[in-house]
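Structural characterization, general
The residues making up each chain are set out below.
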Amino acid sequence: MNSSERSEVGVDTQFHLTDTFASRVLAYARQNATGKTNAAFGPATLRIETCGMVLSSIALDPLRHAAATPIAPVDFQLVMIDGKETGIDGPALDGLVPVHNGRKHRIKIDSRRSALTVNEEWNTHCLIDADKRHAIVWLADAAKIPEWVICDQIRDALHWLSYERNFGLFHAAALRLGAVGCLIAGKGGSGKSTTTAAAIAHGFDTAGDDIVLVETTTVPRVHAVFDTVKLDDKSLARFSQFGPFVRNPRRAADDKAIVHLFDSNRDRIVSGFPLHVILHAHLTGVQQSRIVKSTPSDAFRALAPSSLMLLRAQGRQVAANCAMLVGRLGTYAFQIGTDIDAAVAELVGFMHQLKQ
Amino acid sequence: MFGRDNVIAANLPMIASENFAGDTVVIHFERGTYFSLRGSAGTIWSLLQAPTSIAGIVAALDGQIQLPSKDIEALLTAFVAKLAEHDLITSSVGPAEPPAISAEALASLAEPPNLEIYTDLAELIAIDPVHEIDFLTGWPKAPDLKETRSVTRS
C-alpha cells in the first residue's frame, strides 16, 4: 500500500524533456526488453514491456494468470525501465516548472493529455501520454524499490484507463464459492488477506486479496489484477501450504510474505465471476465470527475511502463507482474473530445460504 | 464563520458525497476525513449543493415547519459552522438561490443534524491527497493554461 508515497510536480511546456525521454525509452525497449506480456484484465488489456531482469520478475510474475495472446488488441502500453540496470537516466527535472506545493502530483502539459509523476521517496518517474496511449515508468534502481511500488505502476495504468471505460479498481478482496461471488472490503489490517488465504485453503476461488477490477455494468463482474497473496508470519505458519512458494524469504521483519497463486494454487486465481454481495470486514478480537446484514452506507464507508487512498486520483469517479457497487450488491458486515477457520466456516455457511 | 447573508455552497472541488437513504457520506479528498450526515444533516447538506445562504434557507422554510425562524436560523448557523470547520462548505460567488425543499426534506428537519466524523485514514491520505481530473475531458485532462500559469506563479 502506498501510504507513505509522496510526489513532486513540474511542467514541461515545450515537451522537449518528456518527448526526448519517451523516444529514448521506447526505442530502447523495442530492442532490449527483458520481459513482455499482453495482460488481459477483463475489459482492459495492457501491453507491458520491462527493461531489467529484476524489474521483469517483480512486475510480470504477478500477471501470469492474465496472459493474453500476443495478438490480442491492446488498450494501453506500459513500458517500465530500470535505470540502474539499463544505464538510462530519468527525464531531467530541472527544466520543469514546479506548479504547486508538492502535495498535488499530476502535472498538466499544454494541450497534450500528458502528465508526469515523480515519486520522491522511491525515485520513480512516470510519464503518461494519453494521446499516444502509453506510459513510461522509470525506476532508479528496481532492486532497491519495494515490490508494491512497482506493482502500483501497473495498478495506476489500469486506473487511468478506467477513467474512460466501464470498470473501476477497488480496494477489496474477491472470493467465489460455487456460483456465488463476494467482495470483502476494509482498510489495511481488517483481515482481507488472511481471510483470502484461509478461504483458498477451504476451496474458494479468488480474484485477489487487495485490489480488484470490477466491471461497472448491470451485473458487476470482478477480475483479478495481481495473483499475489500477502501473509504475515502468523498466517504463513497457519497456512503452511504457501510456505514453499514465498518469493521474499529474506524479507524485513515488518514485511509480509509474498506468494503468487499462479505458483501455489493456479486453479484458484480466477477472473470474470459475478458479484452478489459485499462484506465489510473488521477484526473483533473475540473468537467467533459473524456475518450480519448492514447498510449500503456502511459498506460504502468501508470501500470508498480506502479505495481512494490507494488510487489517489479521480476521486469523484472512484466514489461514484463505490456507490454504484454497494447499491447493486447485498451489503453485510463480516465480524472476523480470532479463529480463522471458524471465520471461513461462517463465510461458507453464508455463501451456501445465498446460493439458496 | 459564515454569516446569515453570506453566499455559501458545498466545497465541490474538494469532496465527493453520496446519499444512501438518509445517510449521506461525504469524503474530503485533501484532508482524508470522511463524514456521515444523518437526521436533518443530509437534508441541510442537499440544500447546500447550489449557492445559497442561511437567510435564504430560513426564508424558504419559514412557515413550512413548526420551528420558529430564529430557532431554524440558530440550528443552521451552528451546523454550517461545523461544516465550515471541516472545509466541507466554502463561500461562493454564485447568486444565492432560494432552495427548493421537498415534503420529504421538510419531514427530516424534525430531527437534529448529526455529523459523524471519521479520521482513521486522514493522516495517510493527507500525505499525498487525492487529486481530481476532469471527468468529461478524461485522463489526464488537457489543462486550462490560465489556471496552470496562475498556480505556477503562486
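Residues numbered from 1 in each chain as written. Chains lettered and ligands numbered in written order. Predicted model: local features only at pLDDT ≥ 70, side-chain atom pairs only at ≥ 80, totals over all residues.

Regarding the overall build of chain A
The cut-off we apply is this: Runs of H or I in DSSP of at least four residues are treated as helices and runs of E of at least two as strands, each being numbered from the N terminus. Here a residue counts as buried when 20 or more other C-beta atoms fall within 10 Å of its C-beta, as exposed when 12 or fewer do, and as partly exposed in between; the C-beta atoms come from the backbone. In this description, any two residues whose backbone-derived C-beta atoms lie within 7 Å of each other are considered to be in contact.
Secondary structure summary: chain A contains 10 helices and 18 strands in total. Looking at chain A residue by residue over its 356 residues, the buried ones come to 55%. Within chain A, contacts between residues at least 6 apart in sequence are counted, and of these 72% link residues at least 24 apart.

Regarding the overall build of chain B
Within chain B, the secondary structure is distributed over six helices and six strands. Listing the helices and strands of chain B from first to last along the sequence gives β-β-β-β-α-α-α-β-α-β-α-α. Within chain B, the proportion of its 154 residues that are buried is 36%. A fraction of 72% describes how many contacts in chain B between residues 6 or more apart in sequence connect residues 24 or more apart.

Some thoughts on the domain arrangement of chain A
Interfaces are often sized by the amount of accessible area the parts lose when they come together. All names here are of chain A. What counts here: Domain extents, as shown, originate in an automatic or database domain assignment. Just so you know the grouping, Ala, Val, Leu, Ile, Met, Phe, Trp, Tyr, Cys and Pro go in nonpolar, Asp, Glu, Lys and Arg go in charged, and all remaining residues, Gly too, go in polar.
Taken domain by domain, chain A holds domain 1 (7-162) and domain 2 (167-355). Taken over C-alpha atoms, the centre of domain 1 sits 28 Å from the centre of domain 2. Taken residue by residue, the interface counts 16 residues in domain 1 and 21 residues in domain 2. For the side of domain 1 that touches domain 2, the leading source of residues is helix 4 (residues 147-162), giving six residues. Here the residues of the side of domain 1 that touches domain 2 sort into seven nonpolar, four polar and five charged.

Some details on the nonpolar core
As a reminder, the rule being used: Each nonpolar core comprises buried Ala, Val, Leu, Ile, Met, Phe, Trp, Tyr and Cys residues, the members being joined through C-beta atoms within 7 Å.
Residues L183, I184, V212, I278 and L303 of chain A together with I27 of chain B are the most contacted members of the largest nonpolar core, which totals 140 residues. In terms of residues, this core owes the most to one element, helix 8 (residues 296-311) of chain A, which gives nine residues. Taken together, domain 1 (7-162) and domain 2 (167-355) of chain A each give at least three residues to this core, which thus spans both. Apart from residues no more than four positions distant in its own chain, I278 of chain A is found in contact with C182, L183, A185, A299, L303, L325, V326, L329 and T331 of chain A.

Re the environment of H282 of chain A
Residue and element names in this part refer to chain A. Tracing the chain through its elements places H282 in strand 16 (residues 277-283). Between the C-alpha atom of H282 and that of D61, which follows or precedes it by 221 residues, the distance is 30 Å. Excluding residues that lie within four positions of it along the chain, H282 makes contacts with G186, S190, Q335 and I336.

Structural notes on the confidence of the model for chain B
Reading fine detail from the predicted coordinates is not recommended where pLDDT is low. Residue and element names in this part refer to chain B. The line we're drawing: pLDDT measures how confident the predictor is about each residue, on a scale from 0 to 100.
Per-residue pLDDT for chain B averages 83, and the proportion of residues at 70 or more is 82%. Long-range and interchain partners of residues 134-138, a stretch whose pLDDT sits below 50, account for eight contacts in this model, where long-range means more than four residues apart. Under a pLDDT of 50 for its full length, residues 141-154 has, in the predicted model, 16 contacts with residues more than four places off or in other chains. Two summary scores accompany this predicted model of the complex, namely pTM at 0.89 and ipTM at 0.87.

Describing the sheet that holds strand 3 (residues 23-28) of chain B
Put simply, the rule reads: One bridge is not enough; two strands pair if DSSP finds at least two bridges between them. What counts as an axis is a line fitted to C-alpha atoms, over the stretch in contact for a helix, and the angles between N-to-C directions run from 0 to 180 degrees.
Reading across the sheet, the four strands line up as 2-3-4-6 (chain B) and stay open at both edges, with antiparallel pairing between neighbours. Edge positions in the open sheet fall to strand 2 (15-20) and strand 6 (113-118) of chain B, since each of these has one partner strand only. Pairs of neighbouring strands in the sheet enclose a mean axial angle of 20 degrees, with direction left out of account. Pairing analysis gives six bridges linking strand 2 of chain B to strand 3 of chain B, with the strands arranged antiparallel. Of the residues in strand 3 of chain B, the one forming a bridge with F20 of chain B is D23 of chain B. This element, helix 9 (residues 315-328) of chain A, spans strand 2 and strand 3 of chain B of the sheet and lies at about 15 degrees to strand 2 of chain B.

Side note on the packing of helix 5 (residues 192-201) of chain A against helix 10 (residues 340-355) of chain A
Residues and elements named next belong to chain A. Applied cut-off: When describing relative orientation, an angle under 35 degrees is termed roughly parallel and one over 145 degrees roughly antiparallel, while 65 to 115 degrees is termed roughly perpendicular and anything else oblique.
Between helix 5 and helix 10, the shortest axis-to-axis distance is 10 Å and the interhelical angle comes to 75 degrees. By the angle between their axes, helix 5 is roughly perpendicular relative to helix 10. Contacts between helix 5 and helix 10 involve T194, T195, A198 and A199 on the former and, on the latter, I340, D341, A343, V344 and L347. Considering only residue class, the contact of helix 5 with helix 10 consists of six nonpolar, two polar and one charged.

With respect to the pairing of strand 7 (residues 134-139) of chain A
Residues and elements named next belong to chain A. Within strand 7, five of the six residues are buried, which leaves the element mostly enclosed by the surrounding structure. In the sheet, strand 4 (residues 76-82) pairs with strand 7 via six bridges, with the strands oriented parallel. Looking at the pairing, Q77 lines up with H134 of strand 7. Where strand 6 (residues 124-129) and strand 7 come together, six bridges link them in antiparallel fashion. Across the sheet, the residue bridging to C126 is V137, located in strand 7. Counting the residues that bridge the hairpin from strand 6 to strand 7 gives four residues, and of these R133 lies at a positive phi of roughly 60 degrees.

Regarding the environment of G42 of chain A
Residues and elements named next belong to chain A. Within the secondary structure layout, G42 lies in the loop between strand 2 (35-41) and strand 3 (44-51). A residue is classified by how many C-beta atoms lie within 10 Å of it, and G42, with 19 of them, is partly exposed. What G42 contacts, discounting residues up to four positions off in sequence, is F167, L213, E215, R221, H223, S271 and G272.

Notes on the confidence of the model for chain A
All names here are of chain A. Averaged over all residues, the pLDDT of chain A equals 89, while 89% of them reach at least 70. Below pLDDT 50 for its whole length, residues 1-11 participates in 46 contacts with residues either more than four positions away or in separate chains. Across residues 98-110, where pLDDT falls below 50, the model places 45 contacts with residues more than four positions away in sequence or in other chains.

Re helix 10 of chain A
Residue and element names in this part refer to chain A. To be explicit about the condition: Here the expected span of a helix is defined as 1.5 Å times the quantity of residues minus one. Starting at the helix axis, one direction is taken to each C-beta atom, and the arc is that of these directions.
Taking 1.5 Å of rise per residue, 16 residues should cover 22 Å, and helix 10 covers 22 Å from first to last C-alpha, within 8% of that figure. Three or more residues of helix 10 are buried, namely I340, A343, V344, L347, F350 and M351. Along the axis of helix 10, the buried residues cluster in a sector spanning 120 degrees; they form a single face. Exposed residues on helix 10 whose side chains face more than 90 degrees from its buried face are D341, G349, H352 and Q353. Its buried side turned inward, helix 10 meets strand 8 (167-177), strand 9 (180-185), helix 5, helix 6 (233-238), strand 17 (290-293) and strand 18 (330-336).

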